[in-house]
Amino acid sequence: METYLLLDRRLLNPQAMENIRLEVSQPVKDEVHNPLSTQDQPWEVRIDNGYPNVLYDPAAGGYRCYYTLFIEDEDSRSTDAASRLTRDYIPRPDRAPGLAYAWSRDGIHWEKPALNRVTWHGSKSNNLIFPFAHGTGVMIDERDPDPARRYKLVTKMDQPGKEAYMAVSFSGDGVDWCEPIPWPEYNPPADSHNLPFWNEEAGCYMLVSRIWKDGIRITTLSKSTDFLHWSEPQETLRGIGFENQIYAMPVFQWGNLYLGLASMIHEGDRGLEDFDQVDLELTWAADPEKFDFVAAGQHLIPRSPGSYPDGPFDCGCIYASLPVMTPEGELWLYYMGGNGRHTNWRETSLARAKWEADKFAALVPRSGERESVLATNRLLVEGGRLEILADPYESARKSLAGMEFRIEAEISPFWNTEPFDGFSYHDSRVEPGEGGWYSIRFEKGLESLKGQKVSLKLRLHGAKAWAIRGDIALAGHRLWEGAAEE
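Reading the values: the criteria
Residues numbered from 1 in each chain as written. Predicted model: local features only at pLDDT ≥ 70, side-chain atom pairs only at ≥ 80, totals over all residues. Heavy atoms only, no water. Helix = DSSP H or I, 4+ residues; strand = E, 2+ residues; numbered from the N terminus. Buried < 20%, exposed > 50% of the residue type's maximum accessible area, 1.4 Å probe, protein only. Polar contact = N/O pair within 3.5 Å; in protein donor to acceptor, adjacent residues only side chain to side chain. Phe/Tyr/Trp six-rings, centres within 6.5 Å; stacked < 30°, edge-to-face > 60°. Lys NZ or Arg CZ within 6 Å of the ring centre and 35° of its normal. Pairing = 2+ DSSP bridges. pLDDT = per-residue confidence, 0-100. Contact = heavy atoms within 4.5 Å. Axes fitted to C-alpha atoms, helices over the stretch in contact; angles between N-to-C directions.

So, the side chain of D8
Moving on, step 1. Of note, D8 is situated in the loop between β1 (2-5) and β2 (21-24).
Moving on, step 2. Using a relative accessible area of 0% as the deciding quantity, one classes D8 as buried.
Moving on, step 3. In terms of polar contacts, D8 uses its side chain to reach the side chain of R10, at 2.7 Å.

See the structure below:
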């Protein structure tokens, strides 16, 4: 049974939509436990963006967090809290990055174990995996037959005074890693979160990273069949001007789509309130080679109000990890929150927010006083099951006191033609099911249209809709996009 998120623009026909817009759904911050981990070790001189990689490992029965930090940063080390109020932060060319590791049994209480791998100021009693590793991205690869390569990472090795280079490393247990292996080809800037993943459809590994082009930051995609040889990075998404640049964008697959968590840095005008701060936005793609914003300008995890040094831990910058599904079936989005502007003083902490599966962005009414209308592009009917994931839309209910939450459906050959007999709005019944899904039924069973291409039309009253699923398959594009019609 296929599920289609309604943020998927391939699914909808924009000529048929009325009084409707996309609204990103913000995960709920864990106000009880946040922040989960803070900048509390002497070698955590400045965690900075953190670029967190939080993974649940069922074999280990716990959570691992890999994060980037600066282990040498003289300006941060030598400037006390009082002095920081009198001047801006000045990064020096000899500041050095590193990769650190934390472990948690429950995803809430985190430990920073002594790994005895890296000597820092004369001691190996620290949680550092590599010195000089910047913007590291980590994945668990269950498909690799070599158990020593179950964990994989991509990083930028950046030792002060030496040429930086791209590298990979492998681990069987996520703790003991082989020495970084340089890329044989290409050396992009990649001064960001370098996030690898496996693309089953393409049959290769992919890497989301970053370059600089036309004076701004550009999100890129590289490919590899062996995790050692990578293609030249190609642009997959850019923001808008100086004011909204993509600083980092971890990507994950969800059903038939890829979703991205874009940290947007705001530059271009020092007088603006959000200048040099970083907000999180949601992006999407059917093919990772081309991403787009789900709802540009809408923030996924809002920064808390305040400013350095007294503001909350996440009032300045937000950098996300991939979402984690717990053994209990809960979906958590971990992130690093900074309490200051991006290029100025700040301390960084790990936190989390709870998401609901499939409820990433909803179609909601622009005006709560009118019904909303939408229609799909053509769908191939393969059976009799059809459902919609929906909820009452509170803003609409407040606009019209006592407004009834109601969904009506219709099926026709095309969005602008009369419905099939027995498949009009008046013939439809939308009945509640499990988990917020509603079953869509008609006077004649949907299976009677099996093998036909149809358009599903919906009228929403006081409702917001997240997704549809059932015995259907996307079967057509808008004709003026050049797709041939059968």
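A word on the packing of aromatic side chains
Each aromatic ring pair is characterised by the separation of its centres together with the angle its planes make.
Moving on, step 1. Counted by the stated rule, this structure contains 22 aromatic pairs.
Moving on, step 2. Ring geometry for F227 against W230: centres 5.3 Å apart, planes inclined by 70 degrees, an arrangement best described as edge-to-face. Of the two residues examined, F227 and W230, each falls in the buried class.
Moving on, step 3. Taken together, a centroid distance of 5.0 Å and an interplanar angle of 90 degrees make the contact between W254 and F360 edge-to-face. Linking W254 in strand β17 (residues 251-254) with F360 in the loop between β24 (348-355) and β25 (361-364), this pair joins segments that are 106 residues apart in sequence. For the pair formed by W254 and F360, the shared burial category is buried.
Moving on, step 4. By way of ring pairs, the aromatic residues F170, W183, W198, Y205, F227 and W230 are connected into one cluster.
Moving on, step 5. Over the aromatic face of Y247 sits the side chain of R210, whose NZ or CZ is 4.2 Å from the ring centroid.

Focus on the sheet that holds strand β9 (residues 151-157)
Moving on, step 1. As summarised here, the arrangement of the 4 strands in space is β8-β9-β10-β11, forming an open sheet in which the pairing is antiparallel. Every other strand in the sheet has two partners, leaving β8 (133-140) and β11 (181-182) as the edge strands with one partner each.
Moving on, step 2. In this sheet, strand β10 (residues 165-171) lies alongside β9 in antiparallel orientation, the contact comprising 7 bridges. Bridged to T155 within β10 is A167.

Thoughts on the confidence of the model for the protein
Moving on, step 1. The predicted model of the protein has a mean per-residue pLDDT of 95, with 96% of residues at 70 or higher.
Moving on, step 2. This stretch, residues 396-402, has a pLDDT under 50; its non-local contacts, to residues over four places away or in other chains, come to 10 contacts.

A short note on the sheet that holds strand β4 (residues 53-57)
Moving on, step 1. One open sheet accounts for 4 strands, arranged β4-β5-β6-β7; its pairing is antiparallel. Unpaired on one side and paired on the other, β4 and β7 (128-131) mark the two borders of the sheet. Strand-to-strand twist across the sheet, computed as the mean angle between neighbouring axes with direction ignored, equals 20 degrees.
Moving on, step 2. The sheet contact formed by strand β6 (residues 96-104) and β7 spans 3 bridges and is antiparallel. If you follow L99 over to β7, its bridge partner there is F130.

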